[in-house]
Amino acid sequence: MGSAYTTMVADVIARFKRLQGSSVLFITGTDEHGQKIQRTAVERSLDPQEHCDQVVASFEDLWQKLNIQYDRFSRTTSQRHAAIVKEFFQRVYDNDDIYLAQQQGWYCVPCEEFKEKRELREDACCPLHPNKKAEWRDEENYFFRLSKYQEALETLYEEHCDFIEPETRRNEILKFVNQGLQDFSVSRVNVGWGFPVPVDVNHTIYVWFDALLGYVTALLDSDQEPTLENALSKWWPINLHLIGKDILRFHAVYWPAMLMSAKLPLPKKIFSHGFLTKNGQKMSKSLGNTLNPFDLVNRYGSDAVRYYFLKEIECGRDGDFNETRFVNVLNADLANDLGNLLNRTLGMTIKYCKGVIPRVANFPLDHPLKTTGQDLGLRVTQAYETIKFDQVCEEIFNLIRASNKFIDEQAPWSLFKQGKQAEVETILAAVLESVRLSAYLLSPIIPNLSNNIYQQLGLSVDFNEGDHVHQNAPFTQHSRWGKIEVSQTLTKPQPIFVRLNLPEEEST
Ligand SMILES: [Zn+2]
């Protein structure tokens with residue numbers, strides 16, 4: 001579920017940037033080398049490549065189910081990646097940043113990382129992997145001179161204070177770096193499942209040294225020769241790495257130092273999200289309380305899953321899944337506030353306006369929905385751009401709730417009886433425009449529901465059409481209140497979101 005969360009967040013960012021008309025390259029993928037994978041494959045009596053192929057197939061299936069529109073799926077076992085890693089390693093080696101020495105220390109295989117004694121618990125497990133003891137290693141390894149980049153990294157964090165976000169994570173990294181950086185080993189002698197070290201075939205390259213370069217390999221077009229120059233020619237440096245906090249150190253410390261050594265520009269930002277819990281408890285296989293994203297999306301559909309995780313979790317902090325809350329949030333927001341609003345307003349439009357959405361030339365300047373709606377696009381843009389999706393939803397649902405309140409207070413059904421047709425039309429047009437704007441601005445999060453709403457309003461836009469959405473529904477127009485005119489004979493409204501039942505075991 002952790003990977004699903006990262007990837008949903010990335011998809012929402014990519015969709016929003018595409019909606020604005022930006023060129024986007026959204027990369028996801030798998031790192032496939034190292035001891036953890038080698039051992040898991042052995043446990044499953046599979047060849048490691050076969051094991052990785054199955055993992056990849058499962059991810060691709062899940063991304064499709066969650067309606068993730070990635071551009072490239074990068075695999076670190078590809079031949080092209082081997083060429084990129086070899087060239088990069090050589091470059092760093094030629095810069096005299098790699099040397100042979102003895103490595104002694106505690107190694108957590110699931111983390112694929114050496115740990116300081118003080119980082120381990122009393123039972124020799126790392127806190128992230130309480131069931132796997134760290135293993136003592138005493139072997140010859142090639143080391144990367146991380147210590148040489150101590151000052152350069154400190155300067156980087158100081159000059160680009162938004163390089164690591166959110167701030168809590170940045171502070172963790174500053175603390176770690178301030179303790180003094182130690183060189184880290186970038187080769188293994190006891191792990192066969194990896195690329196050979198170019199200068200010494202008795203070693204394989206450490207999984208993280210190779211995995212981070214997966215971002216570079218992914219930038220190659222399919223017909224390009226796999227060279228660093230080609231890979232870095234178009235999209236580099238990339239704008240954003242989106243990761244879980246368990247792999248922050250690799251991205252925020254090792255990676256920029258490696259790039260500095262290779263004399264390459266650095267990415268703009270590393271954003272780390274938190275961990276997920278279930279019913280307030282850490283999820284783990286041994287506790288038997290993991291959350292299966294396949295199960296969730298099969299039962300509730302992609303928009304429901306996306307909406308819950310984007311709205312309920314302040315991105316960057318830890319978040320919790322609880323199925324009762326899941327059902328309650330979706331029913332309250334999508335079925336009631338948004339779905340019912342559309343449904344009853346369309347119903348009234350059919351009844352009071354002969355099924356044609358009324359055209360209203362000018363709304364009064366102080367119209368309450370216009371006031372809330374007219375700079376909503378700006379506020380929501382700012383929230384999307386700062387990765388605050390809970391705020392995105394909050395802002396939009398303020399307009400939706402205001403629309404519900406407005407229609408209740410204005411009671412167009414009485415006005416209609418009194419023959420005040422113009423007033424009825426102004427009310428319904430304002431509410432429908434607010435629903436349309438909400439659907440547009442929510443489309444990166446709930447694209448299928450937004451499609452449904454647009455269709456029922458007589459607008460043909462497919463929010464799953466990638467780069468074309470921006471052409472068919474330009475952001476500058478559609479993100480603004482009162483800028484879109486629809487005049488369409490409506491058909492009978494259909495509920496956009498069917499109310500969910502509470503899960504049985506939790507509803508009592
Ligand atoms: Zn660990």
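Residues numbered from 1 in each chain as written. Predicted model: local features only at pLDDT ≥ 70, side-chain atom pairs only at ≥ 80, totals over all residues. Heavy atoms only, no water.

### As for the nonpolar core
1) Next: In terms of nonpolar packing, the biggest core is built from 100 residues, with F309 and F326 touching the most fellow members.
2) Next: Element by element, the count of residues in this core is highest for helix α18 (residues 421–442), at 13 residues.
3) Next: Counting residues domain by domain, this core receives three or more from each of domain 1 (1–295) and domain 2 (300–479).
4) Next: Setting aside residues no more than four positions away along its own chain, F326 makes contact with Y300, A304, V305, Y308, F321 and L500.
5) Next: If you look at the next biggest cluster of nonpolar residues, it comprises 57 residues, including L156, L181, V253 and I270. (Core = buried A, V, L, I, M, F, W, Y, C linked by side-chain atoms within 4.5 Å. Buried < 20%, exposed > 50% of the residue type's maximum accessible area, 1.4 Å probe, protein only. Helix = DSSP H or I, 4+ residues; strand = E, 2+ residues; numbered from the N terminus. Domains from an automatic or database assignment. Contact = heavy atoms within 4.5 Å.)

### Description of helix α15 (residues 376–385)
1) Next: The complete set of buried residues in α15 reads L376, G377, V380, T381, A383 and Y384. In a view along the axis of α15, the buried residues occupy a sector of 165°, so they form one face of it. The exposed set on the far side of α15, more than 90 degrees from its buried face, consists of L378 and Q382.
2) Next: On the buried face of α15, the contacting elements are α1 (2–19), α14 (368–373), α16 (389–410), α18 and α21 (475–478).
3) Next: Phi for I387, located one or two positions after α15, is positive at around 60°. (Arc of directions from axis to C-beta.)

### Topic: the coordination of the zinc ion
1) Next: Those donors, C108 (SG), C111 (SG), C126 (SG) and H129 (ND1), are the protein atoms that reach the zinc ion, and they lie 2.1 to 2.3 Å from it.
2) Next: Coordination at the zinc ion is tetrahedral: its four donor atoms span angles of 101 to 114° at the metal.
3) Next: Sequence spacing of the donor residues for the zinc ion, all on one chain, is C-x2-C-x14-C-x2-H.
4) Next: Take C126: its relative accessible area is 1%, and that puts it in the buried class.
5) Next: Judged by its relative accessible area of 22%, H129 falls in the partly exposed class. (Donors = N, O, S within 2.8 Å, 3.2 Å for Na, K, Ca; no water. Tetrahedral: all angles 85-135°; square planar, octahedral: opposite > 155°, others 65-115°.)

### What about the side chain of Q150?
1) Next: Within the element layout of this structure, Q150 appears in helix α5 (residues 150–159).
2) Next: What makes Q150 buried here is its relative accessible area of 16%.
3) Next: Engagement of the side chain of Q150 in a polar contact is seen with the backbone oxygen of V177, the distance being 2.8 Å.
4) Next: A polar contact is formed between the side chain of Q150 and the backbone nitrogen of L181, at a distance of 2.7 Å.
5) Next: For Q150, the residues in contact, after removing those within four places along its chain, are V177, G180 and L181. (Polar contact = N/O pair within 3.5 Å; in protein donor to acceptor, adjacent residues only side chain to side chain.)

### Some points on the sheet that holds strand β4 (residues 113–115)
1) Next: Taken together, the four strands give an open sheet; going across it, the order is β4-β3-β5-β7, and neighbouring strands pair in antiparallel fashion. Across the chains shown, the open sheet's two edge strands, defined by having one partner strand only, are β4 and β7 (184–185).
2) Next: Judged from the three bridges that link them, strand β3 (residues 98–108) and β4 form a sheet pairing that is antiparallel. Residue pairing in the sheet places W106 in a bridge with K115 of β4. (Pairing = 2+ DSSP bridges.)

### Structural notes on the packing of helix α6 (residues 167–178) against helix α10 (residues 248–261)
1) Next: Between α6 and α10, the least distance of the axes is 11 Å, while the angle of their chain directions is 55°. Classified by the angle between their axes, α6 and α10 sit oblique to one another. Taken as a pair, α6 and α10 cross one another with a handedness that is right-handed. Taking contact as the criterion, the partners of R169, E172, I173, F176 and V177 in α6 are, on α10, L248, R249, A252 and V253.
2) Next: By residue class, the composition of the contact of α6 with α10 is six nonpolar, no polar and three charged. (Axes fitted to C-alpha atoms, helices over the stretch in contact; angles between N-to-C directions. Parallel < 35°, antiparallel > 145°, perpendicular 65-115°, else oblique. Left-handed = near helix turned anticlockwise from the far one by under 90°. Nonpolar A, V, L, I, M, F, W, Y, C, P; charged D, E, K, R; others polar.)

### Looking at the domain arrangement of the chain
Accessible area lost during the coming together of the parts is what is often quoted as the interface size.
1) Next: What the domain assignment reports for the chain is domain 1 (1–295) and domain 2 (300–479).
2) Next: Put simply, the middle of domain 1 and the middle of domain 2, counted by C-alpha atoms, are 39 Å apart.
3) Next: Each partner contributes to the interface: domain 1 provides 35 residues, whereas domain 2 provides 33 residues.
4) Next: A buried area of about 2,900 Å², summed over both sides, lies between domain 1 and domain 2, and 62% of it is on carbon and sulfur atoms. (Buried area = accessible area lost by both parts, 1.4 Å probe.)

### Looking at the pattern of salt bridges
A pair can form between side chains of opposite charge whenever their charged atoms are brought close.
1) Next: Under the definition given, this model contains 34 salt bridges.
2) Next: Put simply, K405 and E409 hold a salt bridge, and the shortest N to O gap is 3.6 Å. Placement of both K405 and E409 in helix α16 is noted, with a separation of four residues, approximately one turn of the helix. Each member of the pair, K405 together with E409, is exposed.
3) Next: Through salt bridges that share partners, K311, E312, D320, R325 and D333 make up one connected network. (Salt bridge = Lys/Arg side-chain N within 4 Å of Asp/Glu carboxyl O.)

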